[in-house]
Every structure is written in C-alpha cells, then in structure tokens.
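# Structure assessment
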Amino acid sequence: MTMRVEFDEPKCVAAGQCAMVAPGVFDQRDEDGVAVVLVAEPGPELADEAQEAAAVCPAAAIRLVEQ
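What comes next is a walk through the structure. (Residues numbered from 1 in each chain as written. Predicted model: local features only at pLDDT ≥ 70, side-chain atom pairs only at ≥ 80, totals over all residues. Heavy atoms only, no water.)

## Description of empty space enclosed by the protein
- Applying the stated criterion across every chain, the model contains 1 cavity of 30 Å³ or more.
- In this structure, the largest cavity encloses a volume near 100 Å³. (1 Å grid on protein atoms, 1.4 Å probe; cavity = no way out; pocket = protein on both sides within 12 Å on 5 of 7 lines; lining within 4 Å. Points joined across faces, edges and corners; volume = space filled by probe spheres on them.)

Below, the structure written as structure tokens:
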C-alpha cells in the first residue's frame, strides 16, 4: 500500500503528538510548534508511524490517502 499524507495546517493545535509517534514523517516548527510534514508519501517502513500519527492527532489535522 502506498499513501499520501494530507495535513490541514490551520487545524493543527501544536500538540506535538505526530512528531512524537512518527518522527520519520513529522516534525514541529520551532517558532510555534505547528507540525511540518517531512515525508509526504511515506513508504512501507513509515506506514505504521504515519497511521499512528493520524490516529493520535487531537485536532484531526492529518489524513492518510491510499494511492
């Protein structure tokens, strides 16, 4: 399965959960803590991390789209 990360930046509340559970896919900006997508199309080795990040996002700002 291949996937694409869709991130709704205005919804992000800068909780940092995504960067904590999926550091290979997400990071946070230093100035405001808003998430940054590092890998827009994570491969199989990052799929579990990306799925967990979407599941734990308190603002539901992360969506994974299967391609």
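Further notes follow.
## Digging into the nonpolar core
- If you look at the biggest cluster of nonpolar residues, it comprises 17 residues, and the most contacted ones within it are Cys18, Val25, Phe26, Ala53 and Ile62.
- Take this core: its biggest share by element is 4 residues, from helix α2 (residues 44–56).
- Among all residues touching Val25, those that are not within four sequence positions of it are Val5, Val36, Val37, Leu38, Val39, Pro42, Leu46, Glu49 and Ala50. (Core = buried A, V, L, I, M, F, W, Y, C linked by side-chain atoms within 4.5 Å. Buried < 20%, exposed > 50% of the residue type's maximum accessible area, 1.4 Å probe, protein only. Helix = DSSP H or I, 4+ residues; strand = E, 2+ residues; numbered from the N terminus. Contact = heavy atoms within 4.5 Å.)

## Observations concerning unusual backbone geometry
- In this structure, Ala14 is a non-glycine residue whose phi angle is positive, near 60°.
- Among the structural elements, Ala14 can be located in the loop between β1 (3–7) and α1 (17–21).
- Looking at Ala14, the relative accessible area reads 27%, which means it is partly exposed.
- Positioned with a positive phi, Ala60 is a non-glycine residue whose angle comes to about 55°.
- By the element assignment, Ala60 lies in the loop between α2 and β4 (62–66).

What is shown is where atoms sit, not what they do.
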